[in-house]
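Read off the chains here:
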Amino acid sequence: MVEEPTKPSLPTQIARYDVEVQVRDKAANIRRRPGEPILNLELSLSGYVTPDNNCPRGEVLRREDVLKHSLFIKILFNNKEVSRTVTVRLGHDFRVRMGQIFNLQIFNWPESIKLQIHETAGYLGTTLLAEAFLPIPETTVLTGNAPVEEVEFSSNQRVMYDHEGVGSDVPFSFEADGSNKMAVMTSGKVSYCVSWAVG
């Protein structure tokens, strides 16, 4: 004789109205309304920065190390170096402002314009961080009407520190138990303007 399976008990009754209110409230809070601008967050140093003497030792060491790093850019035209920027120290906001203009008289049509981003750290010499190719401008883009554009770069070098800096290509976690590890790479943007001069 086969016993019949026991019937499961009925689930608790759902308060449909309460669930509907929760779903509508959540959707209203996280949904971007039509015409509402898309927000792009940018880190800036406009706020209060904790003075070094109020920071833990690891943060002070990280800040001191940042100030040892400098960057310069080599400009290559048709794979030949034609100029380079001055070497500028990396700021606390991880920005470098070079603000230089390079004039180049050419005899051959450009095949490529390439930037090589180099880093110097103290007395350890120079390291090529990354290369970035710039588009050759149309002949109608003249000095004065050329837009300032940005090109992104990324480095695949592994960099580890003995202070609290994250480094590059080094797994780290925001969790107390060390789970959900991630690794970030050294990356950035270069603002530039390329144009043709008249005469």
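Check the entry above for the structure.
Residues numbered from 1 in each chain as written. Predicted model: local features only at pLDDT ≥ 70, side-chain atom pairs only at ≥ 80, totals over all residues. Heavy atoms only, no water.

S.K.: Before we move on, could you go through the environment of Thr143 and cite the residues and values that matter?
M.R.: Considering the arrangement of structural elements, one finds Thr143 in the loop between strand S5 (126-134) and strand S6 (149-154). Sequence separation between Thr143 and Lys181 is 38 residues, and the spatial gap between their C-alpha atoms is 47 Å. Non-local contacts of Thr143, meaning those with residues more than four positions away in its chain, are made with Ser195, Trp196 and Ala197. A distance of 3.1 Å separates the side chain of Thr143 from the side chain of Ser195, its partner in a polar contact. (Helix = DSSP H or I, 4+ residues; strand = E, 2+ residues; numbered from the N terminus. Contact = heavy atoms within 4.5 Å. Polar contact = N/O pair within 3.5 Å; in protein donor to acceptor, adjacent residues only side chain to side chain.)

S.K.: Lay out the nonpolar core in plain terms, naming residues and giving numbers.
M.R.: Leu115, Ile117, Leu134, Val151 and Val190 are the most contacted members of the largest nonpolar core, which has 17 residues in total. Secondary structure elements with two or more residues in this core: strand S1 (69-77), strand S4 (113-121), S5, S6 and strand S7 (187-192). Discounting residues that sit within four places of it in the chain, Leu134 has contacts with Ile113, Leu115, Val151, Tyr192 and Val194. (Core = buried A, V, L, I, M, F, W, Y, C linked by side-chain atoms within 4.5 Å. Buried < 20%, exposed > 50% of the residue type's maximum accessible area, 1.4 Å probe, protein only.)

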